[in-house]
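In case you want the letters, here they are:
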Amino acid sequence: MQPKNNKIAALLQKKRVEQKKSFAVLLDPDKVDFASFPELLEKAMACGVDFFFVGGSLVTRYAIDQMVAAIHAHTDIPAILFPGNSLHIEPSADAILLLSLISGRNPELLIGQHVIAAPLLRQSKLEILPTGYMLVESGKLTTVSYISGTIPIPYDKPSVAACTAMAGEMLGLKLMYLDAGSGAQYAVPEAIISAVSTATDTPLIVGGGIDSGEKAYAALKAGADVVVIGNGIERNPLLLPEIAQCVKAFNQKSVKVV
Ligand code: 1GP
């Protein structure tokens, strides 16, 4: 068995203990414009983006390898796979969010795809990040909910989210990801973020529908350790420095508090 490095998981755990927040940019292969991609990557570097998530629940353009190569050529930011299924595994990336969709009851996405992927993942050098993936109701049917065939956690049920995350942590999952879905009408409610953050010790990733500094700040304040922004940046390039600034401000503030 190849030894796997534990760099990203250890960094996230350390940052959680120190109350330091991170900024992840979601890069969807279907939406990336390769002509301007290097420019976006360099801008992300300059802004201090911590991670790139690469993928999505539905990918129609198989360009993940090209994207990872460009990320490595232009930045030293880790490229972390965010796969919709086992077809989205790209061994040249740095790590993979091995998502178990614990808010749903679709066995394929709880364990089925993982069984198919296991031998390939074992051979690869990818850091494996076992992640409890939880979809949260967001005002309209999202692609991820439709494609996964699962019902999201109701937006007004923080206790359901907390119990789901607790069970995931007890099963050994190392990260939790609350997702309202890409382009969600409403971001994950603060009460849900706070309930999950309080109920578990695992670093908490929150994304879906965060399209302003205020929404990012609210998610961080409620207990998110990592905020993920995808769609918003595609629509408004100024959002990248805005969110980066918001995460920086939050981290500076937590230094003063300590
Ligand atoms: C979706 O959490 C990500 O899975 C990011 O969502 O594209 O809405 O920012 P957005």
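Because the structure is predicted, anything quoted here is derived from the model rather than measured. (Residues numbered from 1 in each chain as written. Predicted model: local features only at pLDDT ≥ 70, side-chain atom pairs only at ≥ 80, totals over all residues. Heavy atoms only, no water.)

Moving on to the sheet that holds strand S5 (residues 127–135). Read around the closed barrel, eight strands run S1-S2-S3-S4-S5-S6-S7-S8, paired in parallel fashion. The sheet shows a mean angle of 30 degrees between the axes of neighbouring strands, direction not considered. Across three bridges, the pairing between strand S7 (residues 204–207) and strand S8 (residues 226–229) is parallel. Across the sheet, Gly207 pairs through a bridge with Val228, a residue of S8. Packing against the sheet, helix H7 (residues 190–199) makes contact with S5, strand S6 (175–179) and S7, and its axis sits at approximately 165 degrees to S7. (Pairing = 2+ DSSP bridges. Helix = DSSP H or I, 4+ residues; strand = E, 2+ residues; numbered from the N terminus. Axes fitted to C-alpha atoms, helices over the stretch in contact; angles between N-to-C directions. Contact = heavy atoms within 4.5 Å.)

With respect to the helices and strands, Asp225 occurs in the loop between helix H8 (213–222) and S8. Sequence separation between Asp225 and Ser92 is 133 residues; the distance between their C-alpha atoms is 26 Å. A polar side-chain atom of Asp225 sits 2.8 Å from a polar atom in the side chain of Arg16. (Polar contact = N/O pair within 3.5 Å; in protein donor to acceptor, adjacent residues only side chain to side chain.)

Compared with an ideal rise of 1.5 Å per residue, which puts 13 residues at 18 Å, helix H6 (residues 158–170) spans 18 Å between its outermost C-alpha atoms and is within 8% of the ideal. Turning to H6, its buried residues number three or more, namely Ala161, Ala162, Thr164, Ala165 and Gly168. The buried residues of H6 all sit within an arc of 165 degrees when viewed along its axis, so they share a single face. Packed against the buried residues of H6 are S5, S6 and H7. Taken from the residues just after H6, Gly172 is the one with a positive phi, measuring 105 degrees. (Expected span 1.5 Å × (residues − 1). Buried < 20%, exposed > 50% of the residue type's maximum accessible area, 1.4 Å probe, protein only. Arc of directions from axis to C-beta.)

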